[in-house]
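# Structural overview for review
Chain residues, written in single-letter form:
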Amino acid sequence: MEVKEKSKKTKKQKHQHPNDQTTKPTSDFAFKPCSAVKGLRFGGQFVVKSFTVRRALPLELPRLLSLPPPPPLSTTTKSSSAAKPQFPSTTVFLPTNFTILAHHAWHTLTLGLGTKKSKVILFVFESETMKTAVDRLWPPEIPLGEVNKRLIRGLTGCEMARFKFRKGCVTFYVYAVRRIGSLGFSCADDLRAILQSVVTLNDFLDHTAMLAMPNQRSINYTPPAAMAH
């Protein structure tokens, strides 16, 4: 009986939810060459590969992660430098409006067998310079089926660490990107903040809510109370 109980305990310790990956310190992130890192997964839903994602605008990432707005800049700060985005070394690809609607159409046509889950891909680069250089090479819009080949495998001379989080109808893929041979990760603070924000996000019950991200519809979402006249 004791042997069985010990084996059960070890099995429970081995099984970890994919959203528990942020417990690792940044130095332990498993960087692998782009040719070896895991890409997006589709299961048997091959039609989803034709659905497209688009590069997000700088202000869309904080809204997606439900982050509070940054404090207002003072007049001296405004004059000295322009306001930077919260994560200047991060590139994000969000589902296009077509993809969001196509997911619902596919789910309806297949009588509920087609997946309604969409994907969000975040690339956290080791520097703003690296992000700017890569952004020039990447298209502003791309089918999901080409992400693995063109965005992940296509980055020669780089290595990545991959994190995957399931948040209801939206699956987040986060990739930390650095040059091969680099020690540590210079944007570790940004990476850690993004991972922690994704972990604390409420589950998306319906990813059409991404069309109106400031009021993310989620398990804990409560509409504002009606005003009495």
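Notes on the structure in this doc start here. (Residues numbered from 1 in each chain as written. Predicted model: local features only at pLDDT ≥ 70, side-chain atom pairs only at ≥ 80, totals over all residues. Heavy atoms only, no water.)

A separate point is the overall build of the protein. Tallying secondary structure elements over the protein gives seven helices and seven strands in all. In sequence order, the secondary structure elements of the protein are arranged as α-β-β-α-α-β-α-β-α-β-α-β-β-α. Expressed as a percentage of the 229 residues in the protein, the buried residues total 41%. (Helix = DSSP H or I, 4+ residues; strand = E, 2+ residues; numbered from the N terminus. Buried < 20%, exposed > 50% of the residue type's maximum accessible area, 1.4 Å probe, protein only.)

Moving on: the pattern of salt bridges. Side chains that carry opposite charge are capable of pairing whenever their charged atoms lie near each other. Under the defined criterion, the tally for this structure stands at five salt bridges. One salt bridge in this structure joins K131 and D135, with 2.7 Å as the shortest N-O distance. Taken together, the residues K131 and D135, both in helix α5 (residues 128-137) and four residues apart, mark about one turn of the helix. Residue K131 shares its accessibility class with D135, and that shared class is buried. A salt bridge links E146 to R150, with the nearest nitrogen and oxygen atoms 3.2 Å apart. E146 sits in the partly exposed class, given a relative accessible area of 32%. (Salt bridge = Lys/Arg side-chain N within 4 Å of Asp/Glu carboxyl O.)

Strand order in this open sheet of seven strands is β1-β6-β7-β4-β3-β2-β5, and the pairing throughout is mixed. At either end of the open sheet lies a strand with only one pairing partner, and these are β1 (32-33) and β5 (141-143). Taken together, the 10 bridges between strand β6 (residues 158-167) and strand β7 (residues 170-179) define a ladder with antiparallel strand orientation. What sits directly across from C158, in β7, is R179. Its contacts with the sheet put helix α7 (residues 188-200) on β3 (90-95), β4 (118-125), β6 and β7, and the angle it makes with β6 is roughly 20°. (Pairing = 2+ DSSP bridges. Contact = heavy atoms within 4.5 Å. Axes fitted to C-alpha atoms, helices over the stretch in contact; angles between N-to-C directions.)

Turning our attention to the side chain of D135. Overall, D135 belongs to the buried group, its relative accessible area being 14%. Setting aside anything within four residues of it in sequence, one finds D135 in contact with R55 and T91.

Without other data, these values stay purely geometric and don't point to any function.
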